[in-house]
Amino acid sequence: MSRTPRTYWVAGTAVLLALLFAAAATVAAASGDSGTEPRTPGLHSADAGFARDMAVHHQQAVEMSFIVRDRTQDEAVRSLAYDIANTQANQRGMLLGWLDLWGLPKVVAGEPPMSWMGSEGEHAGHSGHAGHSGPTGHPEHADPGAKPGALMPGMAGKEELAQLGAASGRDAEVLYLQLMTDHHQGGVAMAEGCARLCGTPVERELAQGMVDAQRSELTLMADMLKQRGAAPRG
C-alpha cells in the first residue's frame, strides 16, 4: 500500500495546525497576552531580525509556488504548492504585522541578513543557494555562510527562478521540489534559531511550528521526488 496518502494527510494536518496557531498567535501578540508584562523587542533583536528575514524568505516560497502552479497539471504538486503559498503568505503577514505592532521597520539599511543569529547564522547557510533581493529584501548584503551571492539559507537565485519559469511538466515538478527542499532546509535552520533566541513567547512558538510543519513537508517532497525518479540536490 502506498504511503503517499498518509504522507499528504500528515503534511496537510501540519499546515492546518500552523494556520490555526498563526491566527491565535497574532491575537496574543496584539493583546500582549503572554502571561508576563509585554516587552517590545528592540530594532536589532532576534525577534525583529527573524521577522524581517523570514518575511523575505517566505515571499520567495510563495513566488516559486505560484510559478509551478502555472507550469504543471500534476494535482499533487499543485496541491502542495497551494498549501505552501497559503501557509507562508499567512505567516509572512503575521511577521510583518508584529513589526508594525512593535513600531519597527520592515527593512533596516545596512543590516546583513541573519545577523540576529550571530555566529549561528554563518553555519545555517551552508546549504544555501544564490538569492535575490525583493521589494522587502536586503540588497546590500548576503549571509556569509551561504554560497557566493546568496541572500539567506536555501533561497533560490534569479537564474534558478528563471529555469523554473521556463520548465514544464515533470521537469518543472522536479526542479520545484528540489528548490523547495533547499528552501525548507534553510527555513528550518532559521526557525530553529528563533525558537532558541527570540524573546517573544508567541514568536518562539510560531517558529517551532514552522520547524515541525516544514520537516513534515520535507518528508513529503522526498517521496514525491522519488516517485519522479529524482532526489533532493543535497
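Residues numbered from 1 in each chain as written. Predicted model: local features only at pLDDT ≥ 70, side-chain atom pairs only at ≥ 80, totals over all residues. Heavy atoms only, no water.

Asks: Any chance you could explain the pattern of salt bridges here in plain terms?
Replies: Pairs can form between side chains of opposite charge whenever their charged atoms are close. Counted under the stated rule, the structure contains nine salt bridges. In this structure, glutamate 160 and arginine 233 form a salt bridge, with 3.1 Å as the shortest nitrogen-oxygen distance. Of this pair, glutamate 160 sits in helix α5 (residues 158-166) while arginine 233 sits in the segment after α7 (201-227), placing them 73 residues apart in sequence. Here arginine 215 ties to glutamate 192 by a salt bridge, and the two come within 2.4 Å at their closest N and O atoms. (Salt bridge = Lys/Arg side-chain N within 4 Å of Asp/Glu carboxyl O. Helix = DSSP H or I, 4+ residues; strand = E, 2+ residues; numbered from the N terminus.)

Asks: I tried to follow the environment of alanine 195 on my own but got confused; where do I start?
Replies: Mapped onto the elements, alanine 195 comes out in helix α6 (residues 169-197). Spatially, the C-alpha atom of alanine 195 lies 5.6 Å from that of alanine 207, the residues being 12 residues apart in sequence. If near-sequence neighbours (up to four positions away) are discounted, alanine 195 is found in contact with Arg204, Ala207 and Gln208. (Contact = heavy atoms within 4.5 Å.)

Asks: Got a minute to help me understand the side chain of glutamine 178 in this structure?
Replies: Positionally, glutamine 178 belongs in helix α6. One polar contact links the side chain of glutamine 178 to the main-chain carbonyl oxygen of alanine 231, over a distance of 3.0 Å. If near-sequence neighbours (up to four positions away) are discounted, glutamine 178 is found in contact with Leu225, Ala231 and Arg233. (Polar contact = N/O pair within 3.5 Å; in protein donor to acceptor, adjacent residues only side chain to side chain.)

Asks: I keep staring at the packing of aromatic side chains and nothing clicks. Help me out?
Replies: Applying the stated rule across the entire model yields two aromatic pairs. Aromatic pair phenylalanine 50 and tryptophan 116: ring centres 5.5 Å apart, planes at 75°, arrangement edge-to-face. In this pair, phenylalanine 50 is assigned in helix α2 (residues 46-69) and tryptophan 116 in the loop between α3 (75-101) and α4 (120-124), connecting sequence segments 66 residues apart. Accessibility classification places phenylalanine 50 together with tryptophan 116 in one group, the buried group. When the ring of tryptophan 98 is compared with that of tryptophan 102, the centres are 6.2 Å apart and the planes differ by 20°; the resulting orientation is stacked. Summarising the burial analysis for this pair, tryptophan 98 and tryptophan 102 share the class buried. (Phe/Tyr/Trp six-rings, centres within 6.5 Å; stacked < 30°, edge-to-face > 60°. Buried < 20%, exposed > 50% of the residue type's maximum accessible area, 1.4 Å probe, protein only.)

Asks: Please explain the packing of α5 against α6 as it appears in this structure.
Replies: For any two helices packed against each other, one specifies the crossing angle of their axes together with the interaxial distance. It is the contact of α5 with α6, at a shortest axis distance of 9 Å, that shows an interaxial angle of 150°. By the criterion of interaxial angle, the relationship of α5 to α6 is roughly antiparallel. Crossing angle aside, the handedness with which α5 passes α6 is left-handed. Of the residues in α6, those in contact with Glu160, Gln163 and Leu164 of α5 are Ala172, Leu175, Tyr176 and Leu179. A breakdown of the residues in the contact of α5 with α6 according to their chemical character gives five nonpolar, one polar and one charged. (Axes fitted to C-alpha atoms, helices over the stretch in contact; angles between N-to-C directions. Parallel < 35°, antiparallel > 145°, perpendicular 65-115°, else oblique. Left-handed = near helix turned anticlockwise from the far one by under 90°. Nonpolar A, V, L, I, M, F, W, Y, C, P; charged D, E, K, R; others polar.)

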